[in-house]
Every structure is written in C-alpha cells, then in structure tokens.
Amino acid sequence: MMKRNLRSRGGSDSMEELMEVYIDGKFYQKEDAKVSVFDHGLLYGDGLFEGIRVYDNCIFKLDAHLERIEYSAKAIALDLPWSREEIAQAHIEACRRNGVANGYIRTVITRGVGDLGLSPRNCSSPSMIIIADSIKLYPPEVYTNGIKLITVPTRRMSVAALPPMVKSLNYLNNILAKIEALNCGYDECLLLNDQGNVAECSGDNIFIIHKGKLITPAPASGLLIGITRSAAMECARELGIPVIETDMTRYDIWNADEAFITGSAAEVVPVVELDGRKIGSGKCGPLTAQLLELFRKKVRCDGAMIA
Ligand code: PXG
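A brief look at the structure comes next. Since we're looking at a predicted model, the values are computed, not measured. (Residues numbered from 1 in each chain as written. Predicted model: local features only at pLDDT ≥ 70, side-chain atom pairs only at ≥ 80, totals over all residues. Heavy atoms only, no water.)

1. Some details on the site of the ligand
Defined as follows: Proximity is defined per residue: any heavy atom of the residue falling within 4 Å of a molecule or strand makes that residue near it. Definition of a polar contact: a pair of N or O atoms within 3.5 Å, with one able to donate and the other able to accept a hydrogen when the atoms are protein atoms, and with sequence-neighbouring residues admitted only if both atoms are side-chain atoms. The accessible surface values rely on the Shrake-Rupley method and a 1.4 Å probe; as for residues, cover is taken only from the protein chains in view. Only protein atoms enter the 1 Å grid used here. Points where a 1.4 Å probe fits but cannot escape make up a cavity, open sets with protein on both sides within 12 Å along at least five of seven lines make up a pocket, and a residue lines them when an atom lies within 4 Å of a point. Any molecule with more than half of its atoms within 2 Å of a cavity's or pocket's grid points is counted as sitting in it. Strands are runs of DSSP state E lasting at least 2 residues, helices are runs of H or I lasting at least 4, and numbering of each runs from the N terminus.
Of all residues adjacent to the ligand, which total 19 residues, the nearest are Tyr171, Glu200, Ile227, Thr228 and Ser264. In this structure, Tyr171 approaches the ligand through a side-chain N or O atom, which is 2.5 Å from an oxygen atom. Between the ligand and the protein, one listed contact pairs an oxygen atom with a backbone N or O atom of Ile227 at 2.8 Å. Its free accessible area being 550 Å², the ligand has 79% of it covered by the protein chains. Comparing atom positions with the cavity grids shows the ligand to sit within the largest pocket. Sorting the residues of the shell around the ligand by element identifies α6 (227-238) and β15 (258-263) as the ones contributing at least two each.

Given below as structure tokens:
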C-alpha cells in the first residue's frame with residue numbers, strides 16, 4: 001500500500017495508510033469511506049460481494065467475477081444499474097488510484113438504503129463499494145507441506161434455502177464453520193451438505209485426485225462456483241487430466257491419492273490430512289504440483305490489464 005508521512009495532531013511524524021475507496025461513482029479517503037446504517041446490506045446482509053486477485057497489473061479473470069456478480073444479482077432479484085463495462089472500469093480505476101499492481105479487490109454490492117422493514121421495495125437504489133488493497137498470502141511452505149482439514153458439524157446451507165452459488169453478504173454459515181475449525185486448531189475446514197455429502201470449505205472449494213482423475217463436488221451439492229475452481233479445472237483439461245463433477249463423500253477424500261483446495265486468496269493449496277487421516281503421501285501430490293505451476297503461469301495474463 002502507498003504510505004505517506006503525515007504530521008499527526010501531536011506534531012510527531014506518523015506513517016498513515018493512504019487508500020481511496022470507491023463508493024457509488026466517487027473515491028473517498030479510507031476514513032471518509034462510510035455507508036448508511038439504513039443500508040440493507042448492513043441491516044440484513046442483503047447484497048453480494050466478490051474477492052478478486054490482481055497479479056502484475058492484471059485483474060485475474062475479472063470478466064468471470066463480473067459474470068458471477070450478475071448471476072448472484074439475478075438470483076437475489078437485485079437489478080444492477082451498471083453495465084459490466086462500467087463495473088470493470090471502476091475496478092481498474094480503484095487499482096490505479098491505489099497503486100495496486102499485486103493485491104486483492106473486495107467488491108460489495110448492497111440493496112441500498114431502505115427503512116427498517118425487510119422489503120427491498122423500499123430501498124432507493126443499490127450501492128457499489130470497491131476496495132483495492134494488499135493481500136496477506138499463505139507462507140510458501142504451505143504449498144509443499146500442505147494443510148490439514150477437519151470436518152465441522154455446521155452443514156453448508158441447502159440449495160433450497162439460499163443457494164451457496166450466490167456470493168451473498170450472508171456469510172454466517174461460513175463464519176460458524178470457521179469458528180468451529182479455529183476452536184479445534186484448524187485454519188480451514190470441510191463442510192458437508194444437508195445430505196451428508198461433501199460441499200466445500202468455509203472459504204475455498206475442494207478437489208481430490210484419484211487414479212489420475214480430478215474430482216470435485218458438483219454445484220448442486222451446494223457450493224460457491226469458485227473462479228479459482230474453474231481455473232483449476234481449465235488447467236487440468238490442458239494437462240490432459242479428466243475432470244469429474246459429482247457427489248463426493250468424506251470416504252472419497254480419506255482415500256484420495258491427492259487433495260487440494262482452491263480460492264482467490266489460497267490459489268491451489270495441497271490438503272494432506274482430513275479428520276486425522278493422512279491423504280496420499282502426506283505431502284503435496286505430483287498432479288497438484290503440476291496444476292499449481294500451470295495456474296501460477298496463467299494468472300499473469302488472463303484478465304483485465306490495469307496498466
Ligand atoms: N467457497 C466459498 C464459500 C468462498 O467464500 C470460495 C469457495 C473460492 O472462490 P474463488 O472465486 O475465490 O475461487 C470462496 C471465496 C477468506 C475469504 O477470508 C474467502 C472467500 C471470500 C471471502 C473471504 O477466507 N472465498
């Protein structure tokens with residue numbers, strides 16, 4: 001992040017972070033970037049969000065993220081008052097103004113300001129917030145040693161309740177799972193769906209490799225269709241690895257040759273243990289390593305350029 005020496009009120013020099021946050025067509029200094037307490041995004045979690053990576057001045061898969069916003073908006077009956085191009089330009093401008101050549105963009109779209117009733121009909125118009133910031137990455141050894149997962153009691157919510165394909169501002173389901181994981185000493189966890197099949201992790205998608213095939217739960221299992229998930233499947237096809245989307249159980253993961261999770265922040269992280277069972281060799285598997293390598297080649301040239 002850009003920093004500037006600012007003189008504090010006390011007279012001594014202090015380093016303060018300079019950041020300009022986009023809200024509804026204008027940029028505000030971080031401390032002035034505020035929304036109404038009557039925004040239904042805050043009152044009810046009525047809205048959407050995205051988490052997008054920037055690599056070497058390239059907003060990775062921006063178009064896919066914007067398509068997911070459109071699908072999520074359609075699903076929650078929120079009419080977007082901006083074109084895809086307008087939203088794209090706002091993202092590019094947010095990165096430029098903040099000097100983010102490598103980092104993370106958080107996009108938030110809310111139903112907008114309304115009254116204290118549930119009805120979105122009383123909301124004036126949707127709001128869009130774009131924050132371009134730096135990102136804290138996993139330490140490099142995670143990509144060779146892998147991470148351990150635990151299955152948590154909280155189930156991924158049903159597709160019939162609120163489809164997990166919608167990246168909505170209602171993330172309590174995921175947060176409850178995360179709390180359970182952290183309480184057990186794990187950073188990430190596996191969530192099953194209401195049928196007891198594997199859905200995904202609290203903030204990542206899950207994959208296994210078994211007998212040379214890449215297998216991942218199908219969207220109907222109840223999961224966010226991750227942009228990194230799609231990119232990993234694309235990489236697998238390019239490497240000639242067959243890709244299968246199907247029902248998956250914990251048994252399948254325990255007996256997999258390799259496993260990994262995907263997410264915008266995580267990229268492709270090997271999973272070496274689930275519920276105390278070692279997966280494969282207990283280290284990053286060979287196909288996972290190949291997929292990660294190809295993925296990292298792609299990220300720098302598959303998206304919208306900032307400069
Ligand atoms: N599943 C869920 C439930 C997610 O929230 C992913 C999968 C991966 O999707 P992408 O498109 O990033 O490949 C996500 C996205 C966090 C955090 O702090 C994670 C996400 C979103 C916001 C915060 O871990 N993950």
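Continuing now.
2. Quick notes on the pattern of salt bridges
Inclusion rule: The term salt bridge refers to a pairing of a side-chain nitrogen on Lys or Arg with a carboxyl oxygen on Asp or Glu at a separation within 4 Å. Any residue under 20% of the maximum accessible area for its type is buried, any over 50% is exposed, and the rest in between are partly exposed; the area is computed with a 1.4 Å probe on protein chains only.
What the rule picks out here adds up to 18 salt bridges. Asp46 is the partner of Arg111 in a salt bridge, and the nearest nitrogen-oxygen pair spans 2.8 Å. You can see Arg111 sitting in the loop between β7 (103-110) and β8 (127-133) and its partner Asp46 sitting in the loop between α1 (40-44) and β5 (47-55), a full 65 residues away along the chain. With respect to class, Arg111 is no different from Asp46; both count as buried.

3. Considerations on the environment of Ser202
What counts here: It only takes one pair of heavy atoms within 4.5 Å for two residues to be counted as in contact.
With respect to the helices and strands, the residue Ser202 is situated in the loop between β11 (198-201) and β12 (205-210). Residues Ser202 and His65, spaced 137 residues apart in sequence, show a C-alpha to C-alpha distance of 19 Å. If we skip the residues at most four places from it in the chain, Ser202 touches Asn174, Ala177, Lys178, Glu188, Cys189 and Leu191. In this structure the side chain of Ser202 is engaged in a polar contact, spanning 2.6 Å, whose partner is the side chain of Glu188.

4. Looking at the packing of α6 against helix α8 (residues 286-298)
The description of two packed helices rests on the angle between their axes and on the distance between the axes. Using the following cut-off: Axis geometry follows a simple rule: fit a line to the C-alpha atoms, using only the stretch in contact for helices, then measure angles between N-to-C directions, giving values from 0 to 180 degrees. These descriptions rest on fixed angle ranges, namely under 35 degrees for roughly parallel, over 145 for roughly antiparallel, 65 to 115 for roughly perpendicular, and the rest for oblique. Handedness of a helix crossing follows the sense of rotation of the near helix relative to the far helix, less than a right angle counterclockwise being left-handed and clockwise being right-handed. Charged residues are taken to be Asp, Glu, Lys and Arg, nonpolar residues to be Ala, Val, Leu, Ile, Met, Phe, Trp, Tyr, Cys and Pro, and polar residues to be all remaining types, Gly included.
Direction vectors running N to C along α6 and α8 enclose 110°, while the axes themselves pass 9 Å from each other. By the criterion of interaxial angle, the relationship of α6 to α8 is roughly perpendicular. Two packed elements cross with a definite hand, and for α6 against α8 that hand is right-handed. Together, Thr228, Ala231, Ala232, Glu234, Cys235, Ala236 and Glu238 of α6 and Leu291, Leu294, Phe295 and Lys298 of α8 make up the contact between the two elements. Looking at side-chain class alone, the contact of α6 with α8 contains 7 nonpolar, 1 polar and 3 charged residues.

5. Looking at the sheet that holds strand β6 (residues 58-60)
For clarity, the cut-off: The rule for pairing is simple: two strands pair if DSSP sees at least two bridges between them.
Strand order in the open sheet formed by 7 strands is β4-β3-β8-β7-β5-β6-β18, with antiparallel pairing between adjacent strands. Two strands bound the open sheet, and with one partner strand each, they are β4 (26-29) and β18 (303-305). Neighbour to neighbour, the strand axes of the sheet diverge by 25° on average, direction disregarded. Examined bridge by bridge, strand β3 (residues 20-23) and β8 share 2 bridges and lie antiparallel to one another. Among the inter-strand pairings, Tyr22 is bridged to a residue of β8, identified as Ile130. Running over the sheet, helix α2 (residues 62-75) touches β5, β6, β7 and β18 and is turned about 175° from β5.

6. Topic: unusual backbone geometry
A negative phi angle is the norm for most residues apart from glycine, just as the trans form is the norm for most peptide bonds. Of note in the backbone geometry, Asp24 takes a positive phi value of approximately 45° without being a glycine. Relative to the elements of secondary structure, Asp24 occurs in the loop between β3 and β4. Residue Asp24 is classed as partly exposed on the basis of its relative accessible area of 40%. Located in the positive-phi region is Lys211, a residue other than glycine, with phi close to 50°. Structurally, Lys211 is set in the loop between β12 and β13 (213-217).

7. Focus: the packing of aromatic side chains
To keep it simple, the criterion reads: For Phe, Tyr and Trp, where Trp contributes only its six-membered ring, two rings pair if their centres lie within 6.5 Å, and the inter-plane angle classes them as stacked under 30 degrees, edge-to-face over 60, or tilted in between.
Per the stated rule, a full pass over the model turns up 5 aromatic pairs. Between Phe49 and Tyr171 the ring centres are 4.9 Å apart and the planes differ by 80°, which places this aromatic pair in the edge-to-face class. One end of the pair, Phe49, is in strand β5; the other, Tyr171, is in the loop between β9 (147-151) and α5 (172-183), with 122 residues separating them in the sequence. Accessibility classification places Phe49 together with Tyr171 in one group, the buried group. With centroids separated by 5.6 Å and ring planes inclined at 85°, the aromatic side chains of Phe60 and Phe295 adopt a geometry described as edge-to-face. Here Phe60, found in strand β6, pairs with Phe295, found in helix α8; they are 235 residues apart in sequence, far enough to count as distant. Look at Phe60 and you get buried, because its relative accessible area is 5%. Residue classification places Phe295 among the buried residues on the basis of a relative accessible area of 2%.

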